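# Descriptive structure summary
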Amino acid sequence: MATIRELTVESLAHLQAQGQTRAVVDEGARAILRDWMLHPRQAAPKEATPSGTAMSVEEKLAYLRERAADWKPTRALGTLREKMVFAVGDPHARLMLVGEAPGYDEERLGEPFVGRAGQKLNQVLQAMGLKREDVYISNICKWRPSMGDNQGMANRAPTPQEIAACVKIVLAEIRAIGPQCIVCLGGTAGNGLLGLQGASVGALRGKWHECQGVPVRVTYHPSYLLRNEALSSRRAVWEDMLAAMELLGMPISDKQRRYFTQP
Ligand code: URA
């Protein structure tokens, strides 16, 4: 499992492979690099600052966000748009949601799940007794996939190559936050996080998986629910959410248990 230290080394190695021999680092980064050199076997900076004090989750995420903004493996692809949309929500959340990639609305507003799919997601969270601020919402790909100059409002799913270039950022986010449960929204996120390719949501949902020791549930993407209002689809998503609620020890009323069983 890659630590922030390994991500840094990988990113520098990528620069080197491109023929670059120098990297500009600010004073803070220099202090961290110095600390790594002096204490190679000690905890990576996600656990300790150069001064030895523990790094807060907020600091880890801020550091990660900064690193991600200049993430060479995705830049090298040239198939993702410029603006990064990192994540939103409570860094101390017990529940982390992972979607696909930002779309038009998310890129414009700089926040995941703020368009129509986001409104549907908010409804699901509300049914669980949660608000957006109670969970941590991220995407497997942090940039809106490009469709060329005349893209307009059109969106596309990230390719396996784009996901492979991005996934380490999400894995580092998971380690920083330490959620008790992850729900992947849609097959793209599920395949990406679980290191699979081409598995359908139907095959992945309804059971627990694991990512870096954290239980993972895969369910249908909120936009699938926008296209498919059938009770059975809504129930399928709801059963996955109920499973997450049970795992988290959240209170579940009889009414909640019966949601989407009858019209
Ligand atoms: N769909 C996603 O998967 N993520 C977003 O942030 C928005 C829509």
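Residues numbered from 1 in each chain as written. Predicted model: local features only at pLDDT ≥ 70, side-chain atom pairs only at ≥ 80, totals over all residues. Heavy atoms only, no water.

One can expect most non-glycine residues to show negative phi and most peptide bonds to be in trans. Here Phe113, not a glycine, exhibits a phi torsion of approximately 50 degrees, which is positive. With respect to the helices and strands, the residue Phe113 is situated in the loop between helix H5 (104-109) and helix H6 (116-128). (Helix = DSSP H or I, 4+ residues; strand = E, 2+ residues; numbered from the N terminus.)

A separate point is the site of the ligand. In the vicinity of the ligand, the contacting residues are Gly99, Glu100, Ala101, Glu106, Pro112, Phe113, Asn139 and His221. A distance of 3.1 Å is found between a nitrogen atom of the ligand and a backbone nitrogen or oxygen belonging to Ala101. One nitrogen or oxygen atom from the side chain of Asn139 is found 2.8 Å from an oxygen atom belonging to the ligand. In the complex, the protein chains occlude 92% of the 230 Å² of accessible area that the ligand would expose alone. (Near = heavy atom within 4 Å. Polar contact = N/O pair within 3.5 Å; in protein donor to acceptor, adjacent residues only side chain to side chain. Areas by Shrake-Rupley, 256 points an atom, 1.4 Å probe, with all protein chains shown as cover.)

A few words now on the sheet that holds strand E7 (residues 209-211). What the six strands build is an open sheet, ordered E2-E4-E3-E6-E8-E7; its pairing is mixed. Two strands lie at the open edges of the sheet, namely strand E2 (87-89) and E7, each paired on one side alone. This sheet shows a mean twist of 30 degrees between the axes of neighbouring strands, independent of strand direction. (Pairing = 2+ DSSP bridges. Axes fitted to C-alpha atoms, helices over the stretch in contact; angles between N-to-C directions.)

In terms of nonpolar packing, the biggest core is built from 38 residues, with Ile174, Ile182 and Leu193 touching the most fellow members. Of all the secondary structure elements, the ones that give two or more residues to this core are helix H3 (57-69), strand E1 (80-84), strand E3 (95-99), helix H7 (160-177), strand E6 (181-185), helix H8 (187-194) and strand E8 (214-219). It is H7 that provides the largest number of residues to this core, a total of ten residues. Apart from residues lying up to four places away in sequence, Ile174 is in contact with Met96, Pro179, Ile182, Leu193, Cys211, Gln212 and Val214. Grouped together as the second largest cluster of nonpolar side chains are 28 residues, Val135, Val201, Tyr220 and Leu248 included. (Core = buried A, V, L, I, M, F, W, Y, C linked by side-chain atoms within 4.5 Å. Buried < 20%, exposed > 50% of the residue type's maximum accessible area, 1.4 Å probe, protein only. Contact = heavy atoms within 4.5 Å.)

Take the packing of H6 against helix H11 (residues 231-247) next. It is the contact of H6 with H11, at a shortest axis distance of 11 Å, that shows an interaxial angle of 50 degrees. Taken together, the axes of H6 and H11 lie oblique to each other. Our pair here, H6 against H11, has a crossing hand that is right-handed. Here Val124, Ala127 and Met128 of H6 come into contact with H11, specifically with Trp238, Met241 and Met245. Residues belonging to the contact of H6 with H11 are distributed by class as follows: six nonpolar, no polar and no charged. (Parallel < 35°, antiparallel > 145°, perpendicular 65-115°, else oblique. Left-handed = near helix turned anticlockwise from the far one by under 90°. Nonpolar A, V, L, I, M, F, W, Y, C, P; charged D, E, K, R; others polar.)

Here we come to the packing of aromatic side chains. Centre-to-centre distance and the angle between the planes together describe a pair of aromatic rings. In total, this model carries four aromatic pairs according to the counting rule given. Aromatic side chains Trp238 and Tyr259 sit 5.2 Å apart centroid to centroid with 45 degrees between the ring planes, which places their arrangement in the tilted category. Here Trp238 is found in helix H11, whereas its partner Tyr259 is found in the segment after helix H12 (254-258), with 21 residues between them in sequence. We classify Tyr259 as partly exposed; its relative accessible area is 24%. Ring centres 5.9 Å apart and planes at 55 degrees place the aromatic pair Tyr259 and Phe260 in the tilted group. An aromatic cluster of three or more residues is present, and its members are Trp238, Tyr259 and Phe260. Between the NZ or CZ atom of Lys142 and the centre of the ring of Phe86, over which it lies, the distance is 5.0 Å. The ring of Trp208 has Arg217 sitting right over it, with the charged end atom 4.7 Å from the ring centre. (Phe/Tyr/Trp six-rings, centres within 6.5 Å; stacked < 30°, edge-to-face > 60°. Lys NZ or Arg CZ within 6 Å of the ring centre and 35° of its normal.)

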